[in-house]
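Spelled out, the chains give:
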Amino acid sequence: MKLAIIGTGNLGLSIANGILNSNGATSMYLTKRNTESIRHFENYGNVTISSDNKEAVQKSDILIFAVQPNHFERILNDIKDLLTEKHIVISTITGFSIKKIEAILGKQTFIIRSMPNTAISVGKSMTCICSNEAGKKRIDLAKAIFNRMGHTLEIPETQMQAATVICASGIAFWMRLIRATTQGAIQLGFDAKEAQELAMHTCNGAANLLIESGNHPEQEIDRVTTPMGCTIKGLNEMEHQGLSSSLIRGIVASFDKISEFKVKN
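Residues numbered from 1 in each chain as written. Predicted model: local features only at pLDDT ≥ 70, side-chain atom pairs only at ≥ 80, totals over all residues. Heavy atoms only, no water.

**Q** I'm lost on the layout of surface pockets in this one. Help?
**A** Using a probe with the size of a water molecule, rolled over the atoms, empty space left in the structure can be pinpointed. By volume, the second largest pocket amounts to about 870 Å³. Together, 35 residues line the second largest pocket, and Gly7, Ala66, Val67, Gln68 and Pro69 are the ones closest to its centre. Those elements giving two or more residues to the lining of the second largest pocket turn out to be α1 (10-21), α2 (53-58), α3 (69-79), α6 (160-187) and α10 (243-258). With 6 residues, α3 is the single largest residue contributor to the lining of the second largest pocket. Its residues assigned to classes, the lining of the second largest pocket comprises 14 nonpolar, 16 polar and 5 charged. (1 Å grid on protein atoms, 1.4 Å probe; cavity = no way out; pocket = protein on both sides within 12 Å on 5 of 7 lines; lining within 4 Å. Points joined across faces, edges and corners; volume = space filled by probe spheres on them. Helix = DSSP H or I, 4+ residues; strand = E, 2+ residues; numbered from the N terminus. Nonpolar A, V, L, I, M, F, W, Y, C, P; charged D, E, K, R; others polar.)

The following block contains the structure:
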């Protein structure tokens, strides 16, 4: 699989690390205007570093775009005449619709929108994807790529903004919850390193319980709560202080903010 990541910033680097760590490409191009900070990727042997997007397109079959939204349209116009029937275009650009991409590249192009998160660099991304009509023929390939680095879910394009909040911004939300748990553990007497270890591995265990069992969270909560016990006491105090409400309000506030950005369609 010959793959190029056009725009190797934070997300592009995370995707590159995820693909390379899972041996997901026979060759890879990484492009960036200033390539000095990504030169070390050449140590992998099958990676070419370049500031030339056109070269990367010509030498690759699968193109993952992770550029800034205000640069995306110009880059598409620059490379559109180089695309062939072999190319698959995968966009990670927030708010840039399939309709807008089709207007530049044509409806015959295999176009897929994806929304991974930064956990892709450790093989644990939750990636949502959708496609144009032509792209449906290649969406299983896109799923296979991102499934090597976590879990994928195919959704309607109308839900991509919401998916950005839940999955991409969601990483930050969960980090803040882990940090709060860490602070609580420190207050109970653990040192900072121990406290974080307890918090992050407990969080990981909770998620994996749901993933492996398929249970609803309340089923797992019921397993660890006893009448007049410490768990229900803590849960009730958190709810009295607005835990669930504040989380939901934060998610909705993030969605309201992302909805302010005009979708280019």
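**Q** Sorry if this is basic, but what is going on with helix α4 (residues 98-105) here?
**A** Residues three or four positions apart in an α-helix share a direction because the helix packs 3.6 residues into each turn. Within the sequence span of α4, burial applies to Ile98, Ile101, Glu102, Ile104 and Leu105. All buried residues of α4 lie within an arc of 165° about the axis, which places them on one face of the element. α4 presents Lys99 and Ala103 as exposed residues on the side facing more than 90 degrees away from its buried surface. Tucked into the core, α4 has its buried residues touching α3, β5 (88-91), β6 (110-115) and β7 (125-131). (Buried < 20%, exposed > 50% of the residue type's maximum accessible area, 1.4 Å probe, protein only. Arc of directions from axis to C-beta. Contact = heavy atoms within 4.5 Å.)

**Q** Looking at this structure, I do not really get the nonpolar core. What am I missing?
**A** When a protein is soluble and globular, its nonpolar side chains tend to lie buried together. Phe65, Phe72 and Leu76 are the most contacted members of the largest nonpolar core, which totals 28 residues. Of all the secondary-structure elements, those providing two or more residues to this core are β1 (2-6), α2, β4 (62-65), α3, α4, β6, β7 and α6. (Core = buried A, V, L, I, M, F, W, Y, C linked by side-chain atoms within 4.5 Å.)

**Q** Help me understand α6, please; the structure alone is not making it clear to me.
**A** Taking 1.5 Å as the rise per residue, α6 with 28 residues should run 40 Å; its terminal C-alpha atoms sit 39 Å apart, in good agreement. The sharpest bend along α6 measures roughly 55° and falls at Gly170. When α6 is considered as a whole, its buried residues turn out to be Met160, Gln161, Ala163, Thr164, Val165, Cys167, Gly170, Ile178, Thr182 and Ala185. Next to the buried residues of α6 lie β6, β7, α7 (192-213) and α10. Gly189, located one to two residues past α6, shows a positive phi value of around 120°. (Expected span 1.5 Å × (residues − 1). Bend = angle between axes of the 7 residues up to and from the residue.)

**Q** Where do I start with the environment of Ile6 in this structure?
**A** Locating Ile6 in the fold gives a position in strand β1. For the pair Ile6 and Leu83, spaced 77 residues apart in sequence, the C-alpha to C-alpha distance is 14 Å. Ignoring anything within four residues of it in the chain, the contact list for Ile6 reads Thr31, Asn53, Ala56, Ile64, Phe65, Ala66, Val67 and Ile75.

**Q** Would you explain the packing of α6 against α10 in this entry?
**A** The angle between the axes and the distance between the axes are what describe a pair of packed helices. The geometry of α6 relative to α10 is characterised by a closest axis approach of 10 Å and an angle of 135° between their N-to-C directions. Taken together, the axes of α6 and α10 are oblique relative to one another. The two elements α6 and α10 meet at a crossing, and its hand is right-handed. Here α6 contributes Gln161, Ala162, Thr164, Val165, Ile166, Phe173 and Leu177 to the contact with α10, which in turn contributes Leu243, Leu247, Ile251, Ser254, Phe255 and Ile258. When grouped by side-chain class, the residues that make up the contact of α6 with α10 number 10 nonpolar, 3 polar and no charged. (Axes fitted to C-alpha atoms, helices over the stretch in contact; angles between N-to-C directions. Parallel < 35°, antiparallel > 145°, perpendicular 65-115°, else oblique. Left-handed = near helix turned anticlockwise from the far one by under 90°.)

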